[in-house]
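# Chain and residue survey
So the chains spell out like this:
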Amino acid sequence: MNKHTTLKESLALNFQEKFKCVGSECAATCCSGWRISLGKSTYTSYKKNSELAPFVEKFKDKTVSRSSKNYGQIRLLGNGDCPYLDENLLCKVHSGLGKNALSKTCSEFPRTSITSISTVTQHLSLGCPEVVRLLLSEKKVSLENTNHDSKRDGILKIGFHTLLPAIIEFIEISPSPTWKKLLALQTTLLKIKKQSFSEMPYLLGLFKDSLNSINEENLQDPGIFQVRTLFPSVERLSVDGQRNSLTQIRQSAKLYLLKNGGSFESKVKLFVVARELLKRATTKENVDFIDRIAISEIYKNYNNFTNEDSDINEVFGNVAVTCAMIRFVVICNFGYGNFEISNAKLNKIIALMYRTMGHNSHFLSDIKKDLKAQFGDSNIAGALLLA
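Structural notes, computed from the coordinates. (Residues numbered from 1 in each chain as written. Predicted model: local features only at pLDDT ≥ 70, side-chain atom pairs only at ≥ 80, totals over all residues. Heavy atoms only, no water.)

### Focus: the overall build of the chain
Formally: The way it works is that DSSP assigns letters per residue, a run of H or I at least four long becomes a helix, a run of E at least two long becomes a strand, and they are numbered from the N terminus. The classification of residues rests on relative accessible area computed with a 1.4 Å probe and restricted to protein chains. Under 20% of the type maximum is buried, over 50% is exposed, and intermediate values are partly exposed. Residues count as neighbours in contact if any of their non-hydrogen atoms are within 4.5 Å of one another. Only the protein chains shown count as cover for residues, and all accessible areas are computed by the Shrake-Rupley method using a 1.4 Å probe.
For the chain, the helix and strand inventory stands at 16 helices and seven strands. Considering the chain as a whole, with its 387 residues, one finds that 51% of them fall into the buried category. For the chain, the share of sequence-separated contacts (at least 6 apart) that also reach a separation of at least 24 residues comes to 73%. When the accessible area of the chain is evaluated, it comes to approximately 19,700 Å², of which 49% is carbon and sulfur surface.

Now the structure itself:
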């Protein structure tokens, strides 16, 4: 290496190194239920293969421009499965042609990376239930520099990256509910956006000050607001071309809220009961699953809110709405299951809902439009969906 070359720091959350695909044992195979895009070279290669060619077509998503990276796509079966999935839920392309024949999407999922001038940020998608399991089972989540040549005690606490470890630490150690922590972070980051980042204790103090300044005196139970905003999204949730898993999750959520006749008042009462009982049940655990989802989403979007041109309100609004929608469906499935939910079921719901929102661009935008119509500010109101 040239002595003048600066080694990029490779960032990852500490649980990520434990990830290993569980293959056919996966509770929700990643080879079903969402678009599989193909690069131009992979598209051309598959078109030349008589067994693969019938299921390959040009990229059709009108919201994304076709490029060499999104040149083609795999045409899924009626149940949403990839046509190259065998009876053991393993990939025929991988087993028959080798891993080098896989598309970029298939070879990398659930891994993604974002490269900046000085860093490479490694991320694992919550669309994978095994990733969710690892995230929720980790005793404490922290940020690590995985480039061992420039590693400093395993934890990044210096320079530009002081802020991200402080955010993760604040969410992990504060006993306050997620919605308050997100509002506190949002408020603080708006204040210090153009300042140089200081040491972690100073940042944690700023976050705590913002947290303590949040006034809850006039905050009424937000159950009415949450049901009014999120239940229509559950009803609109498309399950076409999906395995039965997502259909069952949506149906369970609907059936629980509709079981006493379906009046709006009844829905709210049922939701609040399940919400509070789930809160008590999860309080017994060491980990708040919504806290962990928030950490993962903030980490994934970190570059977006450290850029001068970024909209911090927008980023945190998206994080809050994503967490709120997942929590809402979990709460309703918890209620439908007689106020019980296994860890495996929780991981599966989170993964499938995360996939659904990630591959339906209108999903979050529809919720945020509704929030804006009600309150004029969809980003601040988004946090109240978690209250």
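### What about the sheet that holds strand β4 (residues 72-74)?
Inclusion rule: When DSSP finds two or more bridges between a pair of strands, those strands are recorded as paired. All axes are obtained by fitting lines to C-alpha atoms, using only the stretch in contact for helices, and the reported angles, taken between N-to-C directions, cover 0 to 180 degrees.
Judged by pairing direction, the sheet is antiparallel, and its three strands sit side by side in the order β2-β4-β3 without closing on themselves. Whereas interior strands pair on both sides, the edge strands pair on one side only; in this sheet they are β2 (37-38) and β3 (56-58). Pairing geometry for β2 and β4, over two bridges, is antiparallel. Its bridge partner lying in β4, Leu38 is registered against Gly72. Sheet contacts for helix α1 (residues 40-47): β2, β3 and β4; angle to β3, the most-contacted strand, approximately 135 degrees.

### A word on the pairing of strand β5 (residues 111-115)
As defined by bridge partners, β5 adjoins strand β6 (residues 119-124) across five bridges and the pair is classed as antiparallel. What sits directly across from Thr112, in β6, is His123. Between β5 and β6, which pair antiparallel and follow one another directly, the connecting turn spans three residues.

### Let's talk about the side chain of Gln186
Formally: In the analysis that follows, any N or O atom pair within 3.5 Å is treated as a polar contact, provided that within protein one partner can donate a hydrogen and the other can accept it, and provided that, for residues neighboring in sequence, both atoms belong to side chains.
Along the chain, Gln186 turns up in helix α6 (residues 178-192). Reaching out from Gln186, the side chain makes a polar contact with the side chain of Asn313 at a distance of 2.6 Å.

### Focus: the nonpolar core
We apply this condition: For our purposes a nonpolar core is just a set of buried Ala, Val, Leu, Ile, Met, Phe, Trp, Tyr and Cys residues, chained together by side-chain atoms within 4.5 Å.
Ranked by size, the top nonpolar core spans 93 residues in total, and within it Phe207, Phe289, Ile298, Met325, Phe328 and Met353 carry the most contacts. Take this core: its biggest share by element is 15 residues, from helix α13 (residues 312-336). Ignoring sequence-local partners within four residues, the contact set of Phe207 consists of Leu163, Ala166, Ile167, Phe170, Ala184, Leu185 and Thr188. In this structure, Tyr46, Val56, Ile74 and Tyr84 belong to the second largest nonpolar core, which totals 13 residues.

### Quick word on the environment of Glu172
Within the secondary structure, Glu172 is located in helix α5 (residues 163-173). It is 7.3 Å that separates the C-alpha atoms of Glu172 and Asp291, two residues lying 119 residues apart in sequence. In this structure, Glu172 is in contact with Lys139, Lys140, Val141, Arg292 and Ile295, ignoring residues within four places of it in sequence.

### Some thoughts on the state of the cysteines
Cut-off, in case you're wondering: Whenever a pair of cysteine sulfur atoms sits within 2.5 Å, that pair is classed as a disulfide.
Going through the model one piece at a time under the given rule, you end up with zero disulfides. Distance from the sulfur of Cys82, which forms no disulfide, to the nearest cysteine sulfur (Cys31) is 6.0 Å. Classification of Cys82 as buried rests on a relative accessible area of 9%. The thiol sulfur of Cys91 is not disulfide-bonded, and the nearest other cysteine sulfur, from Cys31, lies at 6.1 Å. When its relative accessible area of 23% is taken as the criterion, Cys91 is described as partly exposed.

### Here's the deal with a nonpolar patch on the surface
Formally: Here, patches come from residues exposed beyond 30% relative accessible area and free of salt bridges, joined within 9 Å for like charges and within 5 Å for nonpolar side chains (Val, Leu, Ile, Met, Phe, Trp, Tyr). Salt bridges, as used here, are contacts in which a Lys or Arg side-chain nitrogen is within 4 Å of a carboxyl oxygen on Asp or Glu.
A cluster of nonpolar side chains, namely Val273, Leu277 and Phe339, defines an oily patch on the protein surface of about 210 Å² accessible area. Taking relative accessible area as the criterion, Val273 reaches 42% and is therefore assigned partly exposed.

### Considering the pattern of salt bridges
By the definition in use, this model includes 12 salt bridges. With a shortest N-O distance of 2.8 Å, Arg275 and Glu276 are connected by a salt bridge. Glu276 gets classed as partly exposed once you look at its relative accessible area, which sits at 27%. For Glu297, the salt bridge is made with Lys300, and the minimal N-O distance between the two is 3.6 Å. With a gap of three residues between them, Glu297 and Lys300 both fall in helix α11 (residues 289-300), about one helical turn apart. Judged by its relative accessible area of 5%, Glu297 is buried. Note on Lys300: relative accessible area 30%, which makes it partly exposed. Overlapping salt bridges bring together Arg275, Glu276 and Lys279 as one network.

### Thoughts on empty space enclosed by the protein
Note the following rule: Site definitions follow a grid-based scheme: protein atoms alone, a 1 Å grid, a 1.4 Å probe that fits but cannot get out for cavities, and for pockets an open set with protein on both sides within 12 Å along at least five of seven lines, plus lining residues having an atom within 4 Å of a point. Grid points are joined across faces, edges and corners, and a volume is the space filled by probe spheres set on the points. Polar here means any residue outside two lists: the nonpolar Ala, Val, Leu, Ile, Met, Phe, Trp, Tyr, Cys and Pro, and the charged Asp, Glu, Lys and Arg; Gly therefore counts as polar.
In total, this model carries two cavities of 30 Å³ or more according to the counting rule given. By volume, the second largest cavity is sized at about 30 Å³. Considering the residues around the second largest cavity, the lining is formed by Ser233, Arg236, His362, Phe363 and Asp366. Where the lining of the second largest cavity is concerned, the elements lending two or more residues are α8 (223-236) and α15 (361-375). Per element, the largest residue contribution to the lining of the second largest cavity is three residues, and it comes from α15. Among the residues forming the lining of the second largest cavity, the class breakdown is one nonpolar, two polar and two charged.

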